[in-house]
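For reference, the chains in residue letters:
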Amino acid sequence: MQTEIKTLLQEVTGHFPKTFNYASKIVSRLAVKGVVVTRSQVYNVTAGVSYNQLIAREISLLGSDYLSEQRKIRDEMKIVSKHLKAVHA
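Calculation notes
Residues numbered from 1 in each chain as written. Predicted model: local features only at pLDDT ≥ 70, side-chain atom pairs only at ≥ 80, totals over all residues. Heavy atoms only, no water. Core = buried A, V, L, I, M, F, W, Y, C linked by side-chain atoms within 4.5 Å. Buried < 20%, exposed > 50% of the residue type's maximum accessible area, 1.4 Å probe, protein only. Helix = DSSP H or I, 4+ residues; strand = E, 2+ residues; numbered from the N terminus. Contact = heavy atoms within 4.5 Å. Phe/Tyr/Trp six-rings, centres within 6.5 Å; stacked < 30°, edge-to-face > 60°. Lys NZ or Arg CZ within 6 Å of the ring centre and 35° of its normal. Salt bridge = Lys/Arg side-chain N within 4 Å of Asp/Glu carboxyl O.

Peer 1: What is the right way to look at the nonpolar core in this model?
Peer 2: Grouped burial of nonpolar side chains is what soluble globular proteins tend to show. Among the nonpolar cores identified, the biggest contains 15 residues, and Y22, I26, V42, I55 and I59 are the most heavily contacted of them. For this core, the leading source of residues is helix α4 (residues 53-88), giving five residues. Residues within four places of Y22 in sequence aside, it is in contact with T13, F16, V42, Y43, T46 and L62.

Here's what the structure looks like:
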């Protein structure tokens, strides 16, 4: 089971760009909820070295949020592109 979770979390974090700094985002998101974790703990969960359900869940949620935002941006860019084509046609 831990191997499956590790694989899923690595798949999620694989969608993030190198400059995304997901561990810091997880630390901040959990701090807002009153949970103190370190970036090392986040990296250890992603690597499968340790398991923390709160961290794993937050990584999954951040991944969902990131992908939703990327889809939204892509859709907006399509609308802008269509508009520009119509204006220049």
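Additional details are given in the paragraphs that follow.
Peer 1: Is there a simple way to think about the environment of K82 in this case?
Peer 2: Residue position: K82 is located in helix α4. With a relative accessible area of 63%, K82 lands in the exposed category. Sequence spacing of K82 and T38 is 44 residues, and the spatial spacing of their C-alpha atoms is 45 Å.

Peer 1: Can you help me understand the packing of aromatic side chains in this one?
Peer 2: The geometry of an aromatic ring pair comes down to the distance between the two centres and the angle between the two planes. Counting across every chain of the model gives five aromatic pairs. Seen from their ring centres, F16 and Y66 are 5.4 Å apart, and the 85° between their planes marks the pair as edge-to-face. Placement of F16 in the loop between α1 (2-14) and α2 (22-32) and of Y66 in helix α4 is noted, with a sequence separation of 50 residues between them. Given a relative accessible area of 8%, F16 falls into the buried group. Residue class for Y66 comes out buried when judged on its relative accessible area of 16%. Sitting above the plane of the F20 ring, K25 keeps its charged end 4.8 Å from the centroid.

Peer 1: Explain the pattern of salt bridges to me, please; I cannot follow it from the model alone.
Peer 2: It is possible for side chains of opposite charge to pair when their charged atoms get near one another. A complete count under the given rule lists three salt bridges for this structure. As a salt-bridge pair, R29 and E58 come within 2.7 Å of each other at their nearest N and O atoms. In this pair, R29 is assigned in helix α2 and E58 in helix α4, connecting sequence segments 29 residues apart. Look at R29 and you get partly exposed, because its relative accessible area is 24%. The exposure class assigned to E58 is buried, which follows from its relative accessible area of 2%. Residues joined by salt bridges that share partners form a network here, namely R29, K33, E58 and D65.

Limitation: the analysis is restricted to geometry and does not speak to function.
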